[in-house]
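# Chain and residue survey
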Amino acid sequence: GASKRDVREKVWDYLEASGLADFPRPVHRRIPHFKGSHQACCSIKELDVFNRASEIKVDPDKPLEGVRLAALQARKTLLVPTPRLRSGLFNKIVPPSGATKEILRICATSQGIKEYSVPVGLDGKARVDLVVVGSVAVSEKGWRIGKGEGYADMEYAMMVSMGAVQADTPVITIVHDCQVVDIAEEILDDHDLTVDYILTPTRTIKTNCKRPKPHGIIWHKARALSYEMLEKIPILKSLRYREKQAGKDVTLQDEHSDLANANTPAALNEKAMAENTRPQAAMGSAQIGQHYVESGSLSPRLEGSGMITTVYVGNIPPSIRVSELKCALREFRATPLRLNWQGAQHRAFLDYKDKATAESAVSSLKGLSLGGNTLRVELAKNQRNKGQVEINSQK
């Protein structure tokens, strides 16, 4: 039978060849914009699930612009995923006070999303009543095929993990009639998102889909997930760390062979690391594995070079211990040369060997959540702090 790729190529080719494709062109490798998309979007206002919803998540794709506008005109809370999740999970669109119809139209566009939005992270307490996604192809049974990068599936799984959607939260897609095709259920994966309603320029289809939606991220089955993707999507890395702390298996598909060859189970290694990171106040040093590093033993060359750059970490919950922060820093590959822990002030300062390394750490730690708080991570205004506790930098 046809693979997902076969179905995508057939739909993209047909939209272009038949003159149904709309800007941006070509529609290949995209959620395709099509002639009649605004008409299809407007029909959402006739659905009870839309009228009852107060908070709606709509993908940023061009063919869904009409749905975003309808949500704003109805004064609903509109959440739009950040492009490729690079800077968080959602942007909440906040039109200016007294916004005109024209301003609302701008807010519904990609440019408006940039200008009139505020970020919402894992701890944003979002409660989404309706999800609207783009599709390349969809069947009347509710099977959906996206453009192949897996972001819509991942975004939904992340919403499940953060409690933003429930099992009965309806999912809608907007497509041209020619995108409604037969899809074999055999080519679907466990992480694939299904839809409950399909809106086209001429029809409203209720799928009555019984296939379960993803219950969260299935880390070991998601082929697209890799360390490279985690580095590109800080909020995904933060979610993985959070679920790992809660005891969930977050092993990536490409990690299985590594774990099979490991001499020490990962869980025991993690436990040993946590036990060996207790600060030794009496000695003025910290124990990292089998290493003891004195608090004043920075290389003299680095100490006086002026190259050391400090990163500020704020909004640390009172319940968090320094050992938990250290474990998180190692997990996110952001271990500093030196750490100044100021738990009573809910903050810490991290010293790195130069500005480039510090900026990389800030990028890596962006969106990190500990103890229910999303940490504030940025370059410190005061680049030098005294009384630091050394932690060993692991290569």
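The rules behind each value
Note that residues are indexed from 1 along each chain, following the sequence as it is written. A pLDDT threshold of at least 70 governs which residues receive local features in this predicted model, and a stricter bar of 80 or more applies before side-chain atom pairs are shown or counted, although totals over entire chains, interfaces and linings include all residues. For the side-chain quantities, the full set of heavy atoms in the structure was used; hydrogens and water were omitted. We define a nonpolar core as any set of buried Ala, Val, Leu, Ile, Met, Phe, Trp, Tyr and Cys residues linked to one another through side-chain atoms lying within 4.5 Å. In this scheme, a residue with accessible area under 20% of its type's maximum is buried, one over 50% is exposed, and one in between is partly exposed, where area comes from a 1.4 Å probe on protein chains only. Helix numbering and strand numbering both begin at the N terminus, where a helix is a DSSP run of H or I of at least 4 residues and a strand a DSSP run of E of at least 2. Planes of paired rings set the category: under 30 degrees apart is stacked, over 60 is edge-to-face and the rest tilted, where pairs are Phe, Tyr or Trp rings (Trp by its six-membered ring) whose centres lie within 6.5 Å. Here, over-ring charges are defined by two tests on the NZ atom of lysine or the CZ atom of arginine: distance to the ring centre within 6 Å, and angle to the ring normal within 35 degrees. Criterion for a salt bridge: a side-chain nitrogen of Lys or Arg within 4 Å of a carboxyl oxygen of Asp or Glu. Strands were regarded as paired on the criterion that DSSP finds at least two bridges between them.

Under the annotation held in an unreviewed UniProt entry, the chain carries the name Methenyltetrahydrofolate synthase domain-containing protein and is attributed to Ciconia maguari.

Core analysis: the biggest nonpolar cluster contains 45 residues, and Ile44, Leu130, Val132, Ile172 and Ile174 have the highest contact counts within it. In terms of residue count, helix α4 (residues 65–73) provides more of this core than any other element does, five residues in total. Core analysis: the second largest hydrophobic core is formed by 35 residues, Val175, Leu193, Ile205 and Val250 among them.

Tallying each qualifying case throughout the model produces one aromatic pair. Above the ring of Phe50, the side-chain terminus of Lys76 is found at 5.0 Å from the ring centroid.

In the structure shown here, the tally under the stated rule is 18 salt bridges. A salt bridge links Lys57 to Glu155, with the shortest nitrogen-to-oxygen separation between them at 3.3 Å. Taken together, the residues Lys57 in strand β1 (residues 55–58) and Glu155 in helix α7 (residues 151–161) connect sequence positions 98 residues apart. An identical accessibility class is assigned to Lys57 and Glu155; each is buried. Residue Asp177 pairs with Arg203 through a salt bridge whose shortest N-O separation is 4.0 Å. Of this pair, Asp177 sits in the loop between β8 (171–174) and β9 (197–199) while Arg203 sits in the loop between β9 and β10 (204–206), and the two are 26 residues apart along the sequence.

Here we come to the pairing of strand β5 (residues 130–134). Counting buried positions over the five residues of β5 gives five, a clear majority of the element. Relative to β5, β1 is paired through three bridges, and the arrangement is parallel. Paired with Ile56 across the two strands is Leu130, which belongs to β5. In this sheet, β8 lies alongside β5 in parallel orientation, the contact comprising four bridges. Across the sheet, the residue bridging to Val132 is Ile172, located in β8.

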